[in-house]
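Coordinate inspection notes
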Amino acid sequence: MTLEAPRKIDHALFGYAEGHRQLASTIRLPSQDMYHLGAASDLASDVRLDPAKSYLTGLPLVESQRYALIRTWAAPEMPRPGCVWSHVLLLDEEILSTQLDMSIFLSLFRNPKQVDRGFYSESLLLDAEGPALLPSHAPRADLISEIIGPYYSHQPAFLSSSAGADALEVAIAAVWSQQWPRLRIEFSFRTAQLGSRRRRSSRYDVQVALSDASDEIVGSDWVDAATADASSGKVTPLRRFLWRYGRDVKDPRNRFRLLVETYLASFERRALPMAAATRA
């Protein structure tokens, strides 16, 4: 992990031009990635987007081995109902491997209503040592826990829309920042609020829905420790441990809990439970 990262960021603009399509880009992507980006950058199904709001999407692009981070705004001025503008940041492996605070990328998005179209045809410059987009509040531990517990247990992670868009994005960025590179490029999320019925999309690991009074988060030592680390926004001993040993394991999402439990056992100088040591 390092504070230095490549300065140039590739990006693209998607919007309406006789259909939803790419309008500008600093790089040519393979056809499969373009297909997935076309779908991910269009208005999410079962979503009504307020003209004053936006939502965030993150997903891996398998063919080019890049990660797409997307901000989507409504485009009510366009002739077709449901049109949107989407600014896509195309993060490469080196950036994913070196950037400490992933929330810094949230400061790079620009709505095409505010900049000239030529903006999207030149690479962005990232000040890796500069401040990230300052959130209106610190990361909320309860939201981070609602991501970490289900996600690393291979369960759908649903966040409540009542938390507010800023809080949701800050929490997701905190979890993403904690992850080591192989986890980062696999992580997927969308902050567009789903309808009244929760429908898990196989493409997104973390989604947002209307609050459900039946939701219950069951705490555990490993979730609490990982939540505290992600909430800190710092390079803690646990985070160093995860980055050091996580890079050597297969199926990193499946091994996250084991790594945290191993760290806790070694820190407290106690034996690792057999169930944890033999977990597949």
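The preceding data block contains the structure.
Here we summarise the structure given alongside this text. These figures come from a predicted structure and were not determined experimentally.

Observations regarding the overall build of the protein
- A count of helices and strands for the protein gives nine helices and nine strands.
- The buried share of the protein, reckoned over its 280 residues, is 49%.
- Accessible surface computed for the protein: about 13,900 Å², of which carbon and sulfur atoms make up 50%.

Some thoughts on the side chain of arginine 190
- Relative to the assigned elements, arginine 190 resides in strand β8 (residues 189-193).
- Despite its burial, arginine 190 pairs with no opposite charge, the nearest such side chain being aspartate 42 at 8.6 Å.
- Here threonine 57 takes part through its side chain, which lies 3.1 Å from a polar atom of the side chain of arginine 190.
- At 3.4 Å, the side chain of arginine 190 forms a polar contact with the side chain of tyrosine 204.
- The residues touching arginine 190, leaving out its near neighbours within four places in the chain, are Ala40, Asp42, Ala44, Tyr55, Leu56, Thr57, Tyr204, Val206, Gln207 and Val208.

A look at helix α7 (residues 237-246)
- For α7, the full list of buried residues reads Leu238, Arg239, Phe241, Leu242, Trp243 and Gly246.
- At its buried positions, α7 is contacted by α2 (93-98), α4 (165-178), α5 (181-184), α6 (221-232) and α8 (252-267).

Rules used throughout
Residues numbered from 1 in each chain as written. Predicted model: local features only at pLDDT ≥ 70, side-chain atom pairs only at ≥ 80, totals over all residues. Heavy atoms only, no water. Helix = DSSP H or I, 4+ residues; strand = E, 2+ residues; numbered from the N terminus. Buried < 20%, exposed > 50% of the residue type's maximum accessible area, 1.4 Å probe, protein only. Areas by Shrake-Rupley, 256 points an atom, 1.4 Å probe, with all protein chains shown as cover. Lys, Arg positive; Asp, Glu negative; His and termini not counted. Salt bridge = Lys/Arg side-chain N within 4 Å of Asp/Glu carboxyl O. Polar contact = N/O pair within 3.5 Å; in protein donor to acceptor, adjacent residues only side chain to side chain. Contact = heavy atoms within 4.5 Å.

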